[in-house]
Amino acid sequence: MATVEQIRPDTRAVPTIARPRGTHEAVLLAITYVLIAIGAAAVLVPFLWMVSTSLKGEDRLFIYPPEWIPNPIRWVNYREAWQALPFDRFLLNTMFMTVLAMLAEIFTASMVAYGFARFRFPWRNTLFILLLSTMMLPGILTLIPKFVMWRELDRIDTFTPMTVGAWFAWGPSYIFLLRQFFLGVPREIEEAAILDGANTFQIYWQIMLPLVKPALLAIGVLSFQGNWNNFEGPLIYLNTLEKYPMVLGLQFFGESLSREAPKYHYMMAMSTLMAAPILALFFFAQRYFIEGLTVGAVKG
Amino acid sequence: MLGWYTRTVYDYLAVGAGVIVLMLVMHKVLRRFGVNREAATGYSLIVPWILGFLIWNLGPFMASFYLSLTEYNVLQAPTFIGFDNYIEMFTDDPNFWRVIRFTLLYSVINVPLGVVGALLTATLLNQDIRGMGTWRTIYYLPAVLPVAATALLWRWMFEGNGLINFFLKPILGLMDRDPPSWFTDASLALPAYIIMGLWGVFGANTVILLAGLKGIPRDLYDAATIDGAGRVSKYFNITIPMLSPTLFYVLIIGVIASLQTFTQAFFIDHSRRAGTFMNVYIYQQAFERFHMGYAAALGWVMLVIILLFTLLVFKSSPAWVYYEGERAA
């Protein structure tokens, strides 16, 4: 099976040959490490603060100097925050919308990308440029007519607006990314399959998709992330509290339950929980996050 | 309650089946009209996008222009008022200018700082250092955190007695100032958003630029070394030109994304006097006050702003973006 490396061999760095270093070099290297470490600290400190806060009692939020390791550690914050709003249901709603949208999104985006990568037809390049230019269209501009449309179809306060649109290959960047990968697959592979009598769908499903698996996983994580965090859609289309996804629940927390005294320990607990699946996914599939992020930029 | 889910599942399956049927029909129809097999297959494969383009982009795009010329509150049919919405925003809406100022300042400061900072970090990470993968993971973390969580976290850190002021205490003491409450202070809300935005976007840019740096062929540097070029000269004569297409990409994506900042503002109760992001203002007009026509007009102004910025970057690109192969031979 072909891997990313085989398809795109050009981004690998040539291993460096160890050179003897002078004191000048050593000093520069030391400075480099110090700078990198400072940057990493700036990134990590807010993270630690989030987790630390999520385990504090309300009375210890504002003590001075700040307490990094809470005493006592209150795991119960997580349960209390979870039960303060119907978070069971929020989680179910989030997963429901994420799974439906993701499946349709990946299925249609990969077909469209295959069409653009492998078949010659009049206006192909013009259409592709049109596709890329939709990335510049601000979402808010089309939002109002879309809202009117869903209202006419009587689909306000349902999950439909957040999921059904995925059948129409939304996300031009996913199509772009997959097309890049399809272009990298040698044509001989398909030609052999055609000689064996396979039809287009068989070639796409049984040969091409397995070959671009890294790209599918890359847009899989991007799409998961996008749908999991989708805020704008639910904000506009959903009215009933029990239909909210996690993000809206979190917003409700920050907005309504915290008017008087912000309950930051609860907010940080729920933020940590909401981030957890994506962070876990990131640690296990980091390569695909980075693949998805960089393919458009380098050699674009 | 189960009905909520089944209803959407029905909609979902119906639309999915519809799209697939249309793809097959497209293929049959094109073949009937004598289009060759390859082109017919190509067209039917891109049917989902063509439909999507018509239903989700082109249609709403034109509809929003029509709506921008009307007064429309969803309940009654839109009434045509010509360009009154546009005239109103430029002459009779003090909020509009405040919002424009806030949005533009945010992008103009946030994007360049983010790109330059990421370039420096990527350069550092590209040296022969140990544990490059680990560092890269750490730097990328904020980009993985949901925007909602990022916003709540920074709202908490920027509180009057939050973490940021704790770190700033010595400096504030010297300046003889009380610790500010960042987001609720009209003059500090924007800087606070910029710092938060930098934290969030920085890692993603770094990872992209790092991949760009890794793609520069080593022999270019070796050749320059033989010619006696120094470290600084190599950086400005090889690294920057070779990296410029990637920088260009990061800049374009950064501008488009930062102008459309939206979600953050819903998790942070910032000073209203500071203004807000354009997209948030449009949302408020459309879905809180039901001035749909006016909101659509604001959306069009937003589109023009985005196009102008993108054009600016594109037009300036021949001066600083170097494409390999373009000037060869």
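All values reported here derive from a predicted model rather than from experimental measurement.

### Details of the packing of helix 14 (residues 264-284) of chain A against helix 7 (residues 147-157) of chain B
Step number 1: The contact between helix 14 of chain A and helix 7 of chain B brings their axes to 9 Å, and the two run at 150 degrees. Accordingly, the angle class assigned to the pair helix 14 of chain A and helix 7 of chain B is roughly antiparallel. Seen from above, helix 14 of chain A lies across helix 7 of chain B with left-handed handedness. Where helix 14 of chain A approaches helix 7 of chain B, its residues Tyr264(A), Met267(A), Met268(A), Ser271(A), Met274(A) and Ala275(A) are matched on the opposing element by Ala148(B), Ala149(B), Leu152(B), Leu153(B) and Trp156(B).
Step number 2: Looking at the contact of helix 14 of chain A with helix 7 of chain B residue by residue, the classes come out as ten nonpolar, one polar and no charged.

### Quick word on the packing of helix 4 (residues 87-118) of chain A against helix 8 (residues 172-183) of chain A
Residue and element names in this part refer to chain A.
Step number 1: The geometry of helix 4 relative to helix 8 is characterised by a closest axis approach of 8 Å and an angle of 50 degrees between their N-to-C directions. Put simply, helix 4 runs oblique to helix 8. The two elements helix 4 and helix 8 meet at a crossing, and its hand is right-handed. Taking contact as the criterion, the partners of Glu-105, Ala-109, Ser-110, Val-112, Ala-113, Tyr-114, Phe-116, Ala-117 and Arg-118 in helix 4 are, on helix 8, Tyr-174, Ile-175, Leu-178, Arg-179, Phe-182 and Leu-183.
Step number 2: Its residues assigned to classes, the contact of helix 4 with helix 8 comprises eleven nonpolar, one polar and three charged.

### Side note on the nonpolar core
Step number 1: In this structure, Val112(A) and Leu178(A) are the most contacted members of the largest nonpolar core, which totals 153 residues.
Step number 2: The two domains that each donate at least three residues to this core are domain 1 (2-87) and domain 2 (93-320) of chain B.
Step number 3: Excluding its chain neighbours within four sequence positions, the residues that come into contact with Leu178(A) are Ala109(A), Ser110(A), Ala113(A), Val212(A), Ala215(A) and Ile219(A).

### Describing helix 15 (residues 286-294) of chain A
Step number 1: Extensive coverage of helix 15 of chain A is indicated by the burial of seven of its nine residues.
Step number 2: Within helix 15 of chain A, burial applies to Tyr288(A), Phe289(A), Ile290(A), Glu291(A), Gly292(A), Leu293(A) and Thr294(A).

### Here we look at the interface of chain B and chain A
Step number 1: Taken together, the contact between chain B and chain A spans 89 residues of the former and 86 residues of the latter.
Step number 2: Partitioning the side of chain B that touches chain A into residue classes produces 63 nonpolar, 20 polar and six charged.

### Quick word on the confidence of the model for chain B
Residue and element names in this part refer to chain B.
Step number 1: Summary statistics for chain B give a mean pLDDT of 90 and a share of 98% for residues scoring 70 or more.
Step number 2: Within chain B, the element-level pLDDT minimum falls on helix 8 (residues 163-175), averaging 85, and the maximum on helix 1 (residues 2-32), averaging 95.
Step number 3: Per the prediction output, this complex has pTM 0.88; the corresponding ipTM is 0.88.

### A word on unusual backbone geometry
All names here are of chain A.
Step number 1: Omega for the peptide link from Asn-71 to Pro-72 comes to 0 degrees, which places this bond in the cis form.
Step number 2: The topology assignment puts Pro-72 in the loop between helix 2 (23-54) and helix 3 (76-84).
Step number 3: We note that Asp-154 has phi near 60 degrees; this positive angle belongs to a residue other than glycine.
Step number 4: A count of 9 C-beta atoms within 10 Å places Asp-154 in the exposed class.

### Overview of the environment of Ile129(B)
Step number 1: Among the structural elements, Ile129(B) can be located in the loop between helix 5 (94-125) and helix 6 (132-144).
Step number 2: Discounting chain neighbours no more than four positions away, the residues touching Ile129(B) are Thr32(A), Tyr33(A) and Ile36(A).

### So, the domain arrangement of chain B
Residues and elements named next belong to chain B.
Step number 1: The domains assigned to chain B are domain 1 (2-87) and domain 2 (93-320).
Step number 2: Centre-to-centre separation of domain 1 and domain 2, based on C-alpha positions: 34 Å.
Step number 3: Counting from both sides, the interface comprises twelve residues of domain 1 and, opposite them, eight residues of domain 2.
Step number 4: For the side of domain 1 that touches domain 2, the secondary-structure elements that each account for two or more residues are helix 3 (47-68), strand 1 (70-71) and helix 4 (84-91).
Step number 5: Examining the composition of the side of domain 1 that touches domain 2, we find that four residues originate from one element, helix 3, more than from any other.
Step number 6: Looking at the side of domain 1 that touches domain 2 residue by residue, the classes come out as six nonpolar, five polar and one charged.

Reading the values: rules and limits
- Residues numbered from 1 in each chain as written.
- Chains lettered and ligands numbered in written order.
- Predicted model: local features only at pLDDT ≥ 70, side-chain atom pairs only at ≥ 80, totals over all residues.
- Axes fitted to C-alpha atoms, helices over the stretch in contact; angles between N-to-C directions.
- Helix = DSSP H or I, 4+ residues; strand = E, 2+ residues; numbered from the N terminus.
- Parallel < 35°, antiparallel > 145°, perpendicular 65-115°, else oblique.
- Left-handed = near helix turned anticlockwise from the far one by under 90°.
- Contact = placed C-beta atoms within 7 Å.
- Nonpolar A, V, L, I, M, F, W, Y, C, P; charged D, E, K, R; others polar.
- Core = buried A, V, L, I, M, F, W, Y, C linked by C-beta atoms within 7 Å.
- Buried ≥ 20, exposed ≤ 12 C-beta atoms within 10 Å, placed from the backbone.
- Domains from an automatic or database assignment.
- pLDDT = per-residue confidence, 0-100.

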